[in-house]
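Each chain, letter by letter, is given below.
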Amino acid sequence: MTKTRKEKVLADGEQPLADGEQHEVTEKSYQELIANMNPIAQPLASKKLSKKLYKCVKKAAKVKNIRRGVKEVQKFINKGEKGIVVLAGDTLPIDVYCHLPVMCEDRNLPYAYIPSKGDLGSSAGSKRPTCVILIKPHEEYQDAYDECVQEVSSLPKPL
């Protein structure tokens, strides 16, 4: 078997470009991402706080100090691990992770929703979207972590 070159599938109405040219990949703005949020996504991180959380996730992933995915995060929350829980607000169905905020509140863990699971996964160094990440404290990024904890804790909790 030999390797075959895969052609990119173009969206409706797009024309193939000449050799060497590439289609522009447009990123969605914060407002467009918020339009696709779940109704339970409260407290929602602001645009500024979302960027700080993405940077903190990236630093934590560099030193392998994160827990990724519902199953793993739930297991370590039950074991009593401390950290910031970052949830993606565009995850469907909601039933997949709707129990995690209650678990966080019971254990006094700070948690916040961000608009995009794709951005959360890519900031963790993965090509796959991720719906929940637990950032554990570490001395290499302690100042960024403390700042995120303070801002996430000050967000208004849902009723």
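It should be emphasised that the depicted structure is a prediction, and the values quoted were computed from it without experimental measurement.

With the rule as written, the count across this model stands at 4 salt bridges. Taking the shortest distance from any N to any O, the salt bridge between Glu 151 and Lys 52 comes out at 2.5 Å. With a gap of 99 residues between them, Glu 151 in helix α6 (residues 142–153) and Lys 52 in helix α2 (residues 47–62) connect regions that are remote in the sequence. On the basis of relative accessible area, Lys 52 is assigned to the partly exposed category, the value being 21%. A salt bridge links Glu 81 to Arg 67, with the nearest nitrogen and oxygen atoms 3.1 Å apart. Of this pair, Glu 81 sits in the loop between α3 (70–78) and β2 (84–88) while Arg 67 sits in strand β1 (residues 66–68), and the two are 14 residues apart along the sequence. Accessibility expressed as a relative area gives 18% for Arg 67, which makes it buried. Each of Lys 52, Glu 147 and Glu 151 takes part in one network of salt bridges that share partners.

Moving on to the side chain of Ser 123. By secondary structure assignment, the location of Ser 123 is in helix α5 (residues 117–123). Not counting residues within four places of it along the chain, the set of residues in contact with Ser 123 comprises Tyr 54, Val 57 and Lys 58.

Let us now look at the packing of aromatic side chains. One pair of aromatic rings is described through two measures. These are the centre distance and the angle between the planes. In the structure shown here, the tally under the stated rule is 2 aromatic pairs. Look at Tyr 111 and Tyr 113: their rings are 6.5 Å apart centre to centre, the planes differ by 80°, and that puts the pair in the edge-to-face class. Assigned by exposure class, Tyr 111 and Tyr 113 land together as buried. The positively charged end of Arg 67 is found above the aromatic ring belonging to Phe 76, 3.7 Å away from the centroid.

Another point: the sheet that holds strand β4 (residues 132–135). Taken in spatial order, the 4 strands of this open sheet run β1-β4-β2-β3, and their pairing is mixed. With partners counted over all chains shown, the strands left at the sheet margins are β1 and β3 (111–114), one partner each. Neighbour to neighbour, the strand axes of the sheet diverge by 20° on average, direction disregarded. Where β2 meets β3, 4 bridges bridge the pair, whose relative direction is parallel. Following the sheet pairing, Val 85 is matched in β3 by Tyr 111. Running at roughly 70° to β4, α2 makes contact with β1, β2, β3 and β4 of the sheet. Set on the sheet, α3 makes contact with β1, β2 and β4; between it and β1 the angle comes to about 125°.

Conventions we followed
Residues numbered from 1 in each chain as written. Predicted model: local features only at pLDDT ≥ 70, side-chain atom pairs only at ≥ 80, totals over all residues. Heavy atoms only, no water. Salt bridge = Lys/Arg side-chain N within 4 Å of Asp/Glu carboxyl O. Helix = DSSP H or I, 4+ residues; strand = E, 2+ residues; numbered from the N terminus. Buried < 20%, exposed > 50% of the residue type's maximum accessible area, 1.4 Å probe, protein only. Contact = heavy atoms within 4.5 Å. Phe/Tyr/Trp six-rings, centres within 6.5 Å; stacked < 30°, edge-to-face > 60°. Lys NZ or Arg CZ within 6 Å of the ring centre and 35° of its normal. Pairing = 2+ DSSP bridges. Axes fitted to C-alpha atoms, helices over the stretch in contact; angles between N-to-C directions.

All quantities given are derived from atomic positions and should not be read as evidence of function.
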